[in-house]
Amino acid sequence: MAERFDFVVVGLGGLGSAAAWELARRGHRVLGLDRFRLGHSHGASHDTSRILRHSYHTPAYVRLTQEAYADWAALEREAGQSLVTRTGGLDLFPPDPAIPSIDYTASMDEVGIPYHALDADEVMSRWPQLRVPPGTLALHQLDAAIVPAGRTTAVLHDRARRRGAELRERTPVLGLEDLGDRVRVTTVSGEVDCGGVVVAADAWVNDVVGHLGVAVPLEVTLEQVTYFALDRPQDFLDLPLWIWMDDPSFYGFPPYGEATVKAAQDCGGPVVSPDDRTSDPDPAMEALLAQHLQRMLPGVGPAVRRVRCQYTLTPDRDFVLAPVPGHERVVVGLGAAHGFKFVPTFGRVLADLVTAGETSTDVSAFALDRAALTEPGYRAHWLV
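All values derive from a computational prediction rather than experimental measurement.

Caption draft 1: Region of the structure containing empty space enclosed by the protein. For the coordinates displayed, the defined rule picks out 3 cavities of 30 Å³ or more. As for the largest cavity, its lining consists of Ile51, Arg53, Ser55, Gly89, Leu90, Asp91, Gln141, Ala144, Leu241, Trp242 and Ile243. Mapped onto the lining of the largest cavity, the elements with two or more residues apiece are β5 (89–93) and β14 (241–244). For the lining of the largest cavity, a count of residues per class yields 6 nonpolar, 3 polar and 2 charged. Of the voids in this model, the second largest cavity is the one considered here, and its volume is about 60 Å³. In terms of residues, the lining of the second largest cavity owes the most to one element, strand β16 (residues 260–266), which gives 3 residues. Classifying every residue of the lining of the second largest cavity gives 5 nonpolar, 3 polar and 2 charged.

Caption draft 2: Region of the structure containing unusual backbone geometry. A cis amide bond links Asp247 to the next residue, Pro248, at an omega of 5°. Summarising the element assignment, Pro248 is placed in the loop between β14 and β15 (249–253). Phi at Asp47 takes a positive value of approximately 70°, unusual for a residue other than glycine. Structurally, the position occupied by Asp47 is in the loop between β2 (30–33) and β3 (49–52). Classification of Asp47 as partly exposed rests on a relative accessible area of 22%.

Caption draft 3: Up close: helix α7 (residues 283–296). Between the first and last C-alpha of α7 there are 20 Å, a value that for 14 residues agrees with the 20 Å anticipated at 1.5 Å per step. Along α7, the positions that sit buried rather than exposed are Met285, Glu286, Leu289, Ala290, His292, Leu293 and Met296. Here the buried residues of α7 occupy an arc of 160° about the axis, which is enough to place them on one side. Turned more than 90 degrees away from the buried face of α7, the exposed residues are Pro283, Ala284, Gln294 and Arg295. You can read the cap of α7 off the contacts: a side-chain oxygen lies 2.9 Å from the backbone nitrogen of Ala284, and it is on Asp282.

The rules we used
- Residue positions are given per chain, counted from 1 along the sequence in the order it is written.
- The predicted origin of the model limits local features to residues at a pLDDT of at least 70 and limits the giving and counting of side-chain atom pairs to 80 or more, whereas totals for whole chains, interfaces and linings rest on all residues.
- Only hydrogens and water are removed before side-chain values are computed, so all heavy atoms of the structure are retained for them.
- As defined here, a cavity is a set of points on a 1 Å grid over the protein atoms alone where a 1.4 Å probe fits but cannot get out. A pocket is an open set with protein on both sides within 12 Å along at least five of seven lines, and residues line them when an atom is within 4 Å of a point.
- Grid points are joined across faces, edges and corners, and a volume is the space filled by probe spheres set on the points.
- Segments assigned H or I by DSSP are reported as helices when at least four residues long, segments assigned E as strands when at least two residues long, and all are numbered from the N terminus.
- Residue classes follow a fixed rule: Ala, Val, Leu, Ile, Met, Phe, Trp, Tyr, Cys and Pro count as nonpolar, while Asp, Glu, Lys and Arg count as charged, and any other residue, Gly among them, counts as polar.
- Each residue is placed in one exposure class: buried if its accessible area under a 1.4 Å probe, protein chains only, is under 20% of its type's maximum, exposed if it is over 50%, and partly exposed if it falls in between.
- One fewer than the residue count of a helix, multiplied by 1.5 Å, yields its expected span.
- Summarising the geometry, the arc corresponds to the directions from the helix axis toward the C-beta atoms.
- Pairs of N or O atoms within 3.5 Å make up the polar contacts considered here, provided that, within protein, one atom can donate a hydrogen while the other can accept it, and that residues adjacent in sequence are counted only when both atoms are side-chain atoms.

Right under this line is the structure:
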């Protein structure tokens, strides 16, 4: 006989854990499943830090960040601990950048997000650690912040359990069947019937929704973040988050819990299979990043630690927050390798969609039947 739960959440990284917590705190009986151990490093919710920011390339995304800040505050109240560390942020556009600055300024202007536009001399005068070329435009946004990835995911596991959710690790999904009035999930330990399923399985999403005859077009790349030593960490404490808005695009963090700066290239890694990937560092990726840092942050020391992580990319790099067409009891959440900043918001939205079929948040651009996911000739683009 099948077990019974109100809802099942598949995948307990940041997105799925937030959905399990949100559903449980609404009073539902929730089962969370992960194919790996909780807190694993196979996906994209591990390690120390992620960027939270208002600056984005469309007004819709900027509005979504406003909800994200409010939802992070709600999670902090529930958890009784601070998770958001405001540092300020710089979007650095060199002359003739691959990413247009007007997309960011126009979007923040429309929504009413304050920012300061600085030239190269103003940047280097305010932050002497930085070196940027003449003609660089910098957008400084005071509210940009760091949120902890692994720690937040662990907090969500704890809060979900405290609200009554049952979380099972090392429990892959072997089958998913839409029975009309309910959904049946088959796992290694048996069958579970429920009113609806949230699939937040990241690179393994098609292993789950594929049982419904659905395939989300994705590419999975293996990225690498590197931590660099600082001889004088006190000189870098006021450094903001920064993003180099060009191709290649790089990003970095000030010291956060240790005397290092963390940096990486965005979308610079090779395409991989999530089940057949290495954890070994890539010297060529590190060398390219180090060359950039030598120009931009010459006071940074040698690399001391490297961490590999996956990017699970949709062709347009937009999220998926939507029911499966024809199987509305099954809802998919996918962060497209820039979603951790929205984790509490995604939890709320996914809970709305699986319980009520609608949400007050505008997720119309994140449907599964949009052109980027259905047109065979759609040309992928990932720089945002």
